Amino acid sequence: MKIIKHIFFPSLIFFSCISFGMDNPGLKTSLSGTITEKGSGEKLIGATIYFPDLKMGTVTDTNGLYFFGDLPKTKILIQVSFIGYKTISEMVDLNLINQKDFVLEPSVREMDEVVVSGLSKATEKNRTPTSIVIIPKITLLQNSSTNIIDAIATQPGISQITTGAGISKPVIRGLGFNRVVVVNDGIRQEGQQWGDEHGIEIDEYSVGKVEILKGPASMSFGSDAMAGVINFISAPNVPEGNIKGSILGNYQSNNGLLGYSSSISGNNKGITWTGRYSSKMSHSYKNRYDGYVLNSGMKENSLGGEIGFNKSWGNSHLIFSSYHLKTGITEGERDSLTGKFIKHFALNDSIENTGFANEKDFFSYLPFVPFQDIRHKKFVLNNSFTAWEGRFKTILGYQENERKEYTNILAPEIYGLYFRLSTINYDFRYLFPEKNNLNVTLGINGMQQHNQNKGTEFLIPAYQSFDAGSFIFARKELKQLDLSGGLRFDVRTITSDDLWINEDSLTIKKFEKFEKLFYSETGSLGASYSLNDNLILKLKFSRGYRAPNITELSANGVHEGALRYILGNRYLRAEKSFQEDLGVFVKNQHISLEISLFSNSIQNYIFLHKISAERGGDSITVFNNNPYPTFTYSSGNATLSGGEVLLDVHPHPFDWLH
């Protein structure tokens, strides 16, 4: 494995650099045309023309004309859209044409969205067998939410685990935590997502669109994508020669949330750039059962940006972000007689006392002990190059997650838990030239992680892990039938460190060093069949895989957020699943109906359960003079089955009503 890490990485980076230098003038072309309305022939001003794979777009001028002057000669998907008209998604061969007119038809139908998640090339949602939910920016703005997971949790098959404005975790079809892969800026978001009190470190204002893949996606993303994938996609680059700015404000009465975000973007001769700053804060939220929930407020700040190049040889974009969240940990301690929330406070440097929480405590915008302080930094280099008539895509990312928990009332400035997780992400894939409507992609991706314990309390050991997965994916179009499938092989190693600590004047071994190896074959096979323009059938079989995470293997300590003592199990095996999906999509001028059914069988399903004492009752572990119920991890077989139904009624001519 060390050979892979020391030889494999430099070789691929070198290959990426060579491809970056490719700029063959003979491969350049242009595309222009006119966008008009069907029937009247009226030229449409401000219609959007966009190449999802190239990240290039423009809008029509006052004469309904558009122009691209620096395109690669290749066959690629183009998307033409305008509000109130049916979106056109069509493959164009830039080897053969440089002029293309489009006629848009007025329509109240839902858009045939283009998807990129889990695929190597963009395609229409209806032409992929995967059950996918697409949430555009306008829907995110219309839904009342305190974070990005809140904004998507109303979708069919999607829910959340939340304890306040700052902490929400996604759940897809009953599975969450490390069984859902979150992708942002093209790479997996890694930030101790195994924890109950660990949210998603993403600025909701920076998200332009969300794509949710429901069902195992291990074929594309490797371990952990057993339930599915949530891909947060930034807004596309602004058209050539434009500078665009925006200011967004948000207020919510329930928790007094105050949020704002400002951004500015530009595009000049293929050089694109974006900058954004966002801030959000809230006091305790209120519900009908508890009233205001003590210490459920938060404060969040985020800074990010992007600079890129869109040329005929391809595109290269450098993305960076810095995220900071301070959020209270809700413990829910109450007085047994009055039911009022109890707050701990310090009388002096050595004496701790308790009292009833008052109105000032509930309406404070600054969380108090216990609270978390989370910082997440990320850099991503996303490239796509024309190479040997195909396309070579590379993604290299580095992210650093720092998570501190402050739980000592007498020393509120001193953290107890402090995890520092560093992750290197890589993804290299080659898209072979399309022949006879067959698309083939060959690639490898994975990550390397190093997690440090820098605090005074320890729940998990310091560890290193390395993932490598190779895959092949193919897609074939046969008129009304679309077939797709692929195979993948994954390897993950996890190595933990020894840890000796002093406890009650004794030196004890808190964690013992170990090394684990997990591997699995995964794959998928599916079909999408269009009986006509209004009826589509989908069928998919997929196999998922998830290696146990570090807390499941080796936890030994108190999780303050969950108020329990957790013990890991080093003998756990990797989870493996097999899922069948069946979907039916019907649409006409007045309704859209989507039905999805699934059955997911999981081997070695890992779950947390409470340990019983030998004499009956719960097993209790005393830590720092406080008793905690003791939990550990076990595994068994599980089956989850169910489905979703989505009905959207939009009766003509009431186009505004859904």
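Please read all numbers here as calculations on a predicted model, not as lab measurements. (Residues numbered from 1 in each chain as written. Predicted model: local features only at pLDDT ≥ 70, side-chain atom pairs only at ≥ 80, totals over all residues. Heavy atoms only, no water.)

### Comments concerning the packing of aromatic side chains
A ring pair, where both rings are aromatic, is described by two values, the distance of the centres and the angle of the planes. With the rule as written, the count across this model stands at 18 aromatic pairs. Aromatic pair tyrosine 415 and tyrosine 418: ring centres 5.0 Å apart, planes at 75 degrees, arrangement edge-to-face. Here the basic side chain of lysine 326 rests over the ring of phenylalanine 371, its NZ or CZ set 4.7 Å away from the ring centre. Across the ring face of phenylalanine 341, the terminal group of arginine 334 is positioned such that the distance to the ring centre comes to 4.0 Å. (Phe/Tyr/Trp six-rings, centres within 6.5 Å; stacked < 30°, edge-to-face > 60°. Lys NZ or Arg CZ within 6 Å of the ring centre and 35° of its normal.)

### Side note on the pairing of strand 28 (residues 390–406)
Along any regular strand the residues' side chains alternate between the sheet's two faces. With 15 of 17 residues buried, strand 28 is to be regarded as a mostly interior element. Across 17 bridges, strand 27 (residues 371–387) lies against strand 28 in antiparallel orientation. Looking across to strand 28, one finds that histidine 376 is bridged to asparagine 401. Turn length for the strand 27-strand 28 hairpin, with the two strands adjacent in sequence and antiparallel, is 2 residues, and the turn residue tryptophan 388 shows positive phi of about 55 degrees. One ladder, built from 15 bridges, connects strand 28 with strand 29 (residues 417–431); its direction is antiparallel. Bridge pairing in strand 29 links threonine 394 to phenylalanine 428. (Buried < 20%, exposed > 50% of the residue type's maximum accessible area, 1.4 Å probe, protein only. Helix = DSSP H or I, 4+ residues; strand = E, 2+ residues; numbered from the N terminus. Pairing = 2+ DSSP bridges.)

### Observations regarding the pattern of salt bridges
Under the definition given, this model contains 27 salt bridges. A salt bridge links lysine 393 to aspartate 53; the nearest nitrogen and oxygen atoms lie 3.8 Å apart. Placement of lysine 393 in strand 28 and of aspartate 53 in the loop between strand 2 (48–51) and strand 3 (56–59) is noted, with a sequence separation of 340 residues between them. The burial state of lysine 393 is the same as that of aspartate 53; both residues are buried. As a salt-bridge pair, arginine 334 and aspartate 290 come within 2.7 Å of each other at their nearest N and O atoms. Of this pair, arginine 334 sits in the loop between strand 24 (314–328) and strand 25 (342–346) while aspartate 290 sits in the loop between strand 21 (286–287) and strand 22 (291–292), and the two are 44 residues apart along the sequence. (Salt bridge = Lys/Arg side-chain N within 4 Å of Asp/Glu carboxyl O.)

### Side note on the sheet that holds strand 14 (residues 180–184)
Spatially, the 5 strands line up as an open sheet ordered 10-16-17-14-15, and their pairing is mixed. Each edge of the open sheet carries a strand with a single partner, namely strand 10 (131–136) and strand 15 (187–188). As paired strands, strand 14 and strand 17 (residues 228–234) are joined by 5 bridges and run parallel to one another. The residue bridging valine 183 from the neighbouring strand is asparagine 231, located in strand 17.

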